[in-house]
Amino acid sequence: MNRGIARRAVFETRADVRAFLCLLAVAVRRRKIEVIAFCFMTTHFHLVLRSLDGHLSETLRWVLNVYVRWFNRRRRRDGKRPAMPIPRRVSVGIRRGGDVVYAPARWRASFQPRGVSSWT
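This report concerns the structure included in the present document. The structure presented is a predicted model; accordingly, all values stated were derived computationally and were not measured.

## Some points on the environment of threonine 42
Along the chain, threonine 42 falls in the loop between strand 2 (33-40) and strand 3 (44-51). Judged by its relative accessible area of 48%, threonine 42 is partly exposed. Residues threonine 42 and threonine 13 lie 29 residues apart in sequence; the distance between their C-alpha atoms is 8.6 Å. Not counting chain neighbours up to four residues away, the residues in contact with threonine 42 comprise Ala9, Val10 and Phe11.

Below is the structure:
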């Protein structure tokens, strides 16, 4: 999961979501990551990824840096304060009673493999 600074929107339009998905697709084509599931909301997002080269942090740093620069440039911001920080970890979902539950199907911009109703 990743949030915008001060809970600011990180996806204001569908074009923002598409741009972020395109950057993830570049990382997939470069055989850096495998995208298992995702969920984009206005102020944050969830990703379930598998690193194919052992460099997940570096790959996400690249995706987020390129996206933040594009996002700020598109809105004519100076870019001194990025829209979102670089993640230190990726979480799968919400913990309830020891189980990790993740239901991205509730959100329009999401994907979850068939047959998967929760993540443990």
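## Examining the pairing of strand 2
Examined bridge by bridge, strand 2 and strand 3 share seven bridges and lie antiparallel to one another. Its bridge partner being in strand 3, cysteine 39 is matched across the sheet by histidine 46. Linkage of strand 2 to strand 3, two consecutive antiparallel strands, is achieved through a turn of three residues.

## Concerning the packing of helix 1 (residues 14-29) against helix 2 (residues 56-74)
Relative to each other, helix 1 and helix 2 sit at 150°, their axes nearing to 10 Å. With respect to helix 2, the axis of helix 1 lies roughly antiparallel. Handedness of the crossing formed by helix 1 with helix 2: right-handed. Across the interface between the two elements, Ala15, Asp16, Ala19, Phe20, Leu23, Leu24, Val26 and Ala27 of helix 1 pack against Thr59, Trp62, Val63, Leu64, Val66, Tyr67, Trp70, Phe71 and Arg74 of helix 2. Classifying every residue of the contact of helix 1 with helix 2 gives 14 nonpolar, one polar and two charged.

Cut-off values and rules
Residues numbered from 1 in each chain as written. Predicted model: local features only at pLDDT ≥ 70, side-chain atom pairs only at ≥ 80, totals over all residues. Heavy atoms only, no water. Helix = DSSP H or I, 4+ residues; strand = E, 2+ residues; numbered from the N terminus. Buried < 20%, exposed > 50% of the residue type's maximum accessible area, 1.4 Å probe, protein only. Contact = heavy atoms within 4.5 Å. Pairing = 2+ DSSP bridges. Axes fitted to C-alpha atoms, helices over the stretch in contact; angles between N-to-C directions. Parallel < 35°, antiparallel > 145°, perpendicular 65-115°, else oblique. Left-handed = near helix turned anticlockwise from the far one by under 90°. Nonpolar A, V, L, I, M, F, W, Y, C, P; charged D, E, K, R; others polar.

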